[in-house]
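One letter stands for each residue in the lines below.
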Amino acid sequence: MIARLALGLSFFILTACSSSVFMPYPIRAAQYQQAINTGVLQPAINETQKQSKSSRDGLLALLEQGRLQQLQQNYSASQQSFALALNKLNDIDNRALLSVTHTANQGGSLVANDNVIPYQSYAYERIFVHHYQALNYIALNKLEDAQVEMRRAQFLQDQAQQQEPTDNNSLSQEALSEYQQRLSNTEKLAQRVNSSRQNAAPLYLAGLLYEANRKFDDALIDYKRALSLVPTNQFLQEDVIRLARQLNRKDEFKNLANVATKPAKNNEGTIVIFYEEDFAPAKEELFLPFPWPEAWYTVAFPYYGDSWHSPQPLTIQHTFLKDSLSSQVLTDTQALAARALKDNYVSLLIRQTLRSQTKHKLQQQAQDQGGAVLGLLVGAYNFLSENADLRSWLTLPRFVHLARFNLPEGEQTLKLNNQQTVKLKVNSQQIHLVYVVKANNQYYVANWPL
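The notes below deal with the structure included here. In this numbering scheme, every chain counts its residues from 1 along its sequence in written order. A pLDDT threshold of at least 70 governs which residues receive local features in this predicted model, and a stricter bar of 80 or more applies before side-chain atom pairs are shown or counted, although totals over entire chains, interfaces and linings include all residues. As a rule here, side-chain values come from all non-hydrogen atoms in the structure, and water together with hydrogens is ignored.

1. Section: helix H4 (residues 58-71)
Side chains three or four residues apart in an α-helix point the same way, a direct result of the helix having 3.6 residues per turn. Defined as follows: Numbering of helices and strands starts at the N terminus; helices are DSSP runs of H or I of at least 4 residues and strands are runs of E of at least 2. Take the residue count of a helix, subtract one, and multiply by 1.5 Å to get its expected span.
The terminal C-alpha atoms of H4, which comprises 14 residues, lie 20 Å apart, in line with the 20 Å expected from a rise of 1.5 Å per residue. Count one or two residues on from H4 and you reach Gln73, which has phi positive near 65 degrees.

2. Here we look at the sheet that holds strand E1 (residues 268-277)
Inclusion rule: In this description, strands pair whenever DSSP reports at least two bridges between them. An axis is simply a line fitted to the C-alpha atoms; with a helix, the fit covers only the stretch in contact. Between two such axes, the angle follows the N-to-C directions and lies from 0 to 180 degrees. Contacts between residues were defined by any pair of non-hydrogen atoms, one from each residue, lying within 4.5 Å.
The strand order across the open sheet built from five strands is E6-E7-E1-E10-E11, with neighbouring strands paired in mixed fashion. For this open sheet the edge positions go to strand E6 (328-332) and strand E11 (442-449), each flanked by a neighbour on one side alone. Ignoring which end each strand starts from, the neighbouring axes of this sheet average 20 degrees apart. Here eight bridges tie E1 to strand E10 (residues 431-439), and the two strands are oriented parallel to one another. Looking at the pairing, Ile273 lines up with Val434 of E10. Lying over the sheet, helix H14 (residues 333-343) contacts E6 and strand E7 (399-408), oriented at roughly 20 degrees with respect to E6.

3. Some details on unusual backbone geometry
Trans is the prevailing form of peptide bonds, just as negative phi is the prevailing case for residues other than glycine. Worth spelling out the cut-off: Relative accessibility under 20% of the residue-type maximum defines a buried residue, over 50% an exposed one, and the middle range a partly exposed one, all with a 1.4 Å probe and only protein chains included.
A positive phi angle, near 75 degrees, is found at Ser121, a position not held by glycine. For Ser121, the location among the structural elements is in the loop between helix H6 (100-109) and helix H7 (123-139). A residue is classified by how much of its surface remains accessible, and Ser121, at 18% relative accessible area, is buried. Unlike most non-glycine residues, Asn417 shows phi in positive territory, near 55 degrees. One can find Asn417 in the loop between strand E8 (410-416) and strand E9 (420-426).

Structural data, given as structure tokens:
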């Protein structure tokens, strides 16, 4: 039995070290980000297609794949990738809590690391899936389908809001305090939002679709919800008070009474710019000591090491505008991601502690039953396999911005950041959505009438 254990561990160490269980995900995702930075997307898409067959990281590969295909303006392929990802997410939701596969993966994580567990995504990522799927449908001129995706995103936000994590007393306050001190940057980032599940960008997009369909009451509701998340966004303030006045509800927003609005004239159309900046940050790995009565354990723990990055607004110029406009932030994804990790701290700590105990006991048993050599082999395995789960959707933007203004009907040209030009045909009394993504100095631009 001891010989079989030694042989099995040797094989596992030699083979698993080259697998995703032992390779930090940000290393793989860096090639996807580099592809976006350079505009050479197809090789990265080919790689995600290979990875999508993985039982552990297949969902994550589909998310990256859908994002890359959308930037490639292959909207049908992106829609299919996100549809497959949503099917996987539905399967996760519908799966029995104690299925054989789930139990086996959880058990495997106790002798390896959390990367053994198939990726299940965070709530903020799921909401982004519906947001991007709606953009695909807008590009494909399927506005009703886009509205369905927005309703699904709103359902997730409402549902998740009711499921905010509660305090867990399974760990001592001293243990939690020690971790919080060591993970201060993650704590500071997480404090910038009240919930990882509330995202103003899809709320605004939902309101925009309602407004384009002349459902002004529904639009006002979504704009109000978005404004509650980013109350200093002046474009949102203008939208809320403009519709409130239009619907004769201005008494509801006395605090916005001094906000100036500029409704589109009869010969003007409305331009709405969604601007996405940079990439969501990657988690890093920190090895932390954890005291236990029998011994001190060392565990690998994920955290966000970077301090908060200030947004870099998009500047918009047009001869019709007296001054250049600057976009304003709708969504801070780095804060959402940090909050999601913080909300998961307790379960992570419990699992990490159980894993350390399990590995310690395995090494003791191996040494007692098989001698020093097997004990050293198991100890080497314990060391090599102690890796934090750094997986997350890393082609998401760090920030999503908003800008809104009116232009005369006809052919128009916008100048972005004094670098990129955008040509579009403006129709009077119609909303035009301009979608801009900037990574490094690479721009991706599309525009669609609503």
